[in-house]
Amino acid sequence: MLENKKILIGVCGGIAAYKIATLVRLLIKKNAIVKVIMTESAKDFITPLTLATLSKNAVESKFFNSENGVWTNHVDLGLWADAYLIAPATANELAKMASGISENLLTATYLSARCKVFFCPAMDLDMYQHPAVKSNIEKLISYGNKLIPAENGELASGLFGEGRMAEPETITNYLETYFNPKNSNLKNKKILLTAGPTQESIDPVRYISNHSTGKMGIAIANELKERGAEVIFISGAISEPILKTLKVINIEKNITAEEMYEVSKKYFSQIDIAIFTAAVADYSPKEISNEKIKKNEDEFTISFKKNKDIALEFGKIKTKNQLSIGFALETNNEILNAKSKLEKKNFDMIILNSMKNENATFGYDTNKVSVINKNLEEIHFDLKSKKEVANDIVNEIEKLLL
Ligand code: CTP
């Protein structure tokens, strides 16, 4: 599962550094490509020779080689890695990372890395409990890094308690889950997903709607279900087949934006994740005529009122344990518009569809999307089947849960 994944390990100077030999062996056995950076003090605990031999790559620890002047490019290392794992992460290096100090190759690479960073604290009992360390850990988590918590047990000092670095097998599991979300941390998560179009009546025989078929929403719902999530699927009338195991609300009859909002709202407080794939009408006629409107006039005007924005309303009240994922369908200034929706609606991630892409969007079985996360980083995917696109999107959602 870690085949060809590029794992960069940053080893700090702590007694748990000896466990990195086992960790590197485990990762290599799983066909990962491993490179190691060591701080100078890490070398007091384990030799570069051991880690270079096991990882099959030279160990880096200096900004440049004083013998021949060759520069070790921390930016390149940071860009090379698919995941950067700081283990053991000592109080000292954690503090540097949390404050942006790039005093050695390990921390400079941390600041340059674009990949997910995992950190495995290891220190003595009272150090791990110290408010300064705790606040640095909190800070690092808030920057999007993933904590692999220290475990309970006997510490090198002889004290018992929290502070032991996670075991190599546990660390490997974290990496495998990150790269293979089918192992899935979406299992048993309660997810609300809106899909399809809404319809806003004008009179008993006419309505305003859009071309949404709900295909993308269905593909995502199916993928979530396959990974063990409980999906509440709220949609307007769609004709595509749907997994029977989804909790489906309203696919037979047409639904207005107002109705979709009312029904979604009932679930807001119970769900872990909301995914808004629906193409909800932004406006609806101020008045719906009870009788069929006759063509008596040469010109005809309808007055509209703004509808409730379901995603926006959820974004206002969602808790820190809830995630919301939005979609943006754009015809121009796509990235800019998507980013502004991400911020405005308090999304944790937004998926952009551009009407300029051929064979993508409404009705097609293929789609081409870009995913933008809260840090405004963009991932651009190729044109793929909607099933594959759903897989990519759900993989990205899994990453948000790590
Ligand atoms: N959305 C929603 N309720 C609405 C309108 C939109 O939940 N009343 C959600 C959509 O499901 C989508 C996201 O908000 O996930 C963005 O929808 P979109 O129609 O692209 O954006 P709008 O906010 O309607 O902006 P505009 O039409 O001006 O582009």
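Please refer to the structure higher up on the page.
Figured I'd write up the structure that's included with this text. (Residues numbered from 1 in each chain as written. Predicted model: local features only at pLDDT ≥ 70, side-chain atom pairs only at ≥ 80, totals over all residues. Heavy atoms only, no water.)

Examining the site of the ligand
Taken together, 14 residues form the shell around the ligand, and within it Phe-276, Ala-278, Asp-282, Lys-341 and Lys-345 come nearest. Ala-278 places a polar main-chain atom, nitrogen or oxygen, 2.7 Å from an oxygen atom of the ligand. With respect to the ligand, the side chain of Lys-341 contributes an N or O atom lying 2.7 Å from an oxygen atom. Bound to the protein, the ligand loses 77% of the 580 Å² it would expose on its own. Counting atoms within 2 Å of the grid points, the majority share of the ligand lands in the second largest pocket. Secondary-structure elements contributing two or more residues to the shell around the ligand are helix H11 (310–317) and strand S16 (323–330). (Near = heavy atom within 4 Å. Polar contact = N/O pair within 3.5 Å; in protein donor to acceptor, adjacent residues only side chain to side chain. Areas by Shrake-Rupley, 256 points an atom, 1.4 Å probe, with all protein chains shown as cover. 1 Å grid on protein atoms, 1.4 Å probe; cavity = no way out; pocket = protein on both sides within 12 Å on 5 of 7 lines; lining within 4 Å. Sits in = over half its atoms within 2 Å of the grid points. Helix = DSSP H or I, 4+ residues; strand = E, 2+ residues; numbered from the N terminus.)

A word on the layout of surface pockets
Considered as a void within the structure, the largest pocket measures approximately 1,500 Å³ in volume. Together, 38 residues line the largest pocket, and Lys-116, Gly-144, Asn-373, Asn-375 and Glu-377 are the ones closest to its centre. Per element, the largest residue contribution to the lining of the largest pocket is three residues, and it comes from helix H13 (residues 386–401). In terms of residue class, the lining of the largest pocket is built from 18 nonpolar, eight polar and 12 charged. Three or more residues apiece are contributed to the lining of the largest pocket by two domains, here domain 1 (6–179) and domain 2 (183–284 + 301–400). Lining the second largest pocket are 45 residues, with Ala-278, Ala-279, Val-280, Asp-282 and Phe-327 sitting closest to its centre. If you list the elements that add at least two residues to the lining of the second largest pocket, you get strand S8 (190–195), helix H9 (215–226), strand S15 (304–306), H11, S16 and helix H12 (334–344). (Points joined across faces, edges and corners; volume = space filled by probe spheres on them. Nonpolar A, V, L, I, M, F, W, Y, C, P; charged D, E, K, R; others polar. Domains from an automatic or database assignment.)

Notes on the packing of helix H1 (residues 19–29) against helix H8 (residues 168–179)
The N-to-C vectors of H1 and H8 enclose an angle of 45°; their axes lie 9 Å apart at closest approach. As judged from the angle between their axes, H1 and H8 are oblique. For H1 against H8, the interelement crossing comes out right-handed. Across the interface between the two elements, Lys-19, Thr-22, Leu-23, Leu-26 and Leu-27 from H1 touch Pro-168, Glu-169, Ile-171, Thr-172 and Leu-175 from H8. Class assignment for the residues of the contact of H1 with H8 results in six nonpolar, two polar and two charged. (Axes fitted to C-alpha atoms, helices over the stretch in contact; angles between N-to-C directions. Parallel < 35°, antiparallel > 145°, perpendicular 65-115°, else oblique. Left-handed = near helix turned anticlockwise from the far one by under 90°. Contact = heavy atoms within 4.5 Å.)

A short note on the sheet that holds strand S17 (residues 349–354)
What the eight strands build is an open sheet, ordered S12-S11-S8-S13-S16-S17-S19-S20; its pairing is mixed. Edge positions in the sheet fall to strand S12 (247–249) and strand S20 (378–380), since each of these pairs with one other strand and no more. Each adjacent strand pair in this sheet contributes to an overall mean axis angle of 15°, direction not counted. Here strand S13 (residues 273–276) runs beside S16; their pairing, made up of four bridges, is parallel. Pairing of Ile-275 across the sheet is with Ile-325, part of S16. Across the face of the sheet, H12 comes into contact with S16, S17, strand S19 (369–373) and S20 while running at roughly 150° to S17. (Pairing = 2+ DSSP bridges.)

Quick word on a nonpolar patch on the surface
A cluster of nonpolar residues, Ile-15, Tyr-18 and Phe-45, forms a patch on the protein surface that exposes about 320 Å² of accessible area. Tracing the sequence through the fold places Tyr-18 in the loop between strand S1 (6–11) and H1. (Patch = residues over 30% accessible without salt bridge, like charges linked within 9 Å, V, L, I, M, F, W, Y side chains within 5 Å. Salt bridge = Lys/Arg side-chain N within 4 Å of Asp/Glu carboxyl O.)

Some words on the packing of aromatic side chains
Following the criterion strictly, the structure yields five aromatic pairs and no others. Linked through ring pairs, Phe-268, Phe-276, Phe-314 and Phe-347 together constitute an aromatic cluster. Lying over the aromatic face of Trp-80, Lys-35 brings its terminal NZ or CZ to 4.5 Å of the ring centre. (Phe/Tyr/Trp six-rings, centres within 6.5 Å; stacked < 30°, edge-to-face > 60°. Lys NZ or Arg CZ within 6 Å of the ring centre and 35° of its normal.)

Details of helix H5 (residues 105–112)
For H5, a buried count of seven out of eight residues is recorded, marking the element as mostly surrounded by other parts of the structure. Taken together, the buried positions of H5 are occupied by Leu-105, Leu-106, Thr-107, Ala-108, Thr-109, Tyr-110 and Ser-112. The residue sitting at the N-terminus of H5 and contributing the capping side-chain oxygen is Asn-104; that oxygen lies 3.2 Å from the backbone nitrogen of Leu-106. (Buried < 20%, exposed > 50% of the residue type's maximum accessible area, 1.4 Å probe, protein only.)

What about the sheet that holds strand S5 (residues 146–147)?
The sheet built from five strands is open, its strands ordered S2-S1-S3-S4-S5 with parallel pairing. Only two strands of the sheet have a single partner each, and these edge strands are strand S2 (33–38) and S5. By the bridge criterion, five bridges tie strand S3 (residues 83–89) to strand S4 (residues 116–121) in an arrangement that is parallel. Pairing of Ala-83 across the sheet is with Lys-116, part of S4. Of the strands in this sheet, S1 and S2 are in contact with helix H2 (residues 48–55), which crosses S2 at around 165°. Across the sheet, H5 lies against S1, S2, S3 and S4, angled at about 145° from S3, the strand it touches most.

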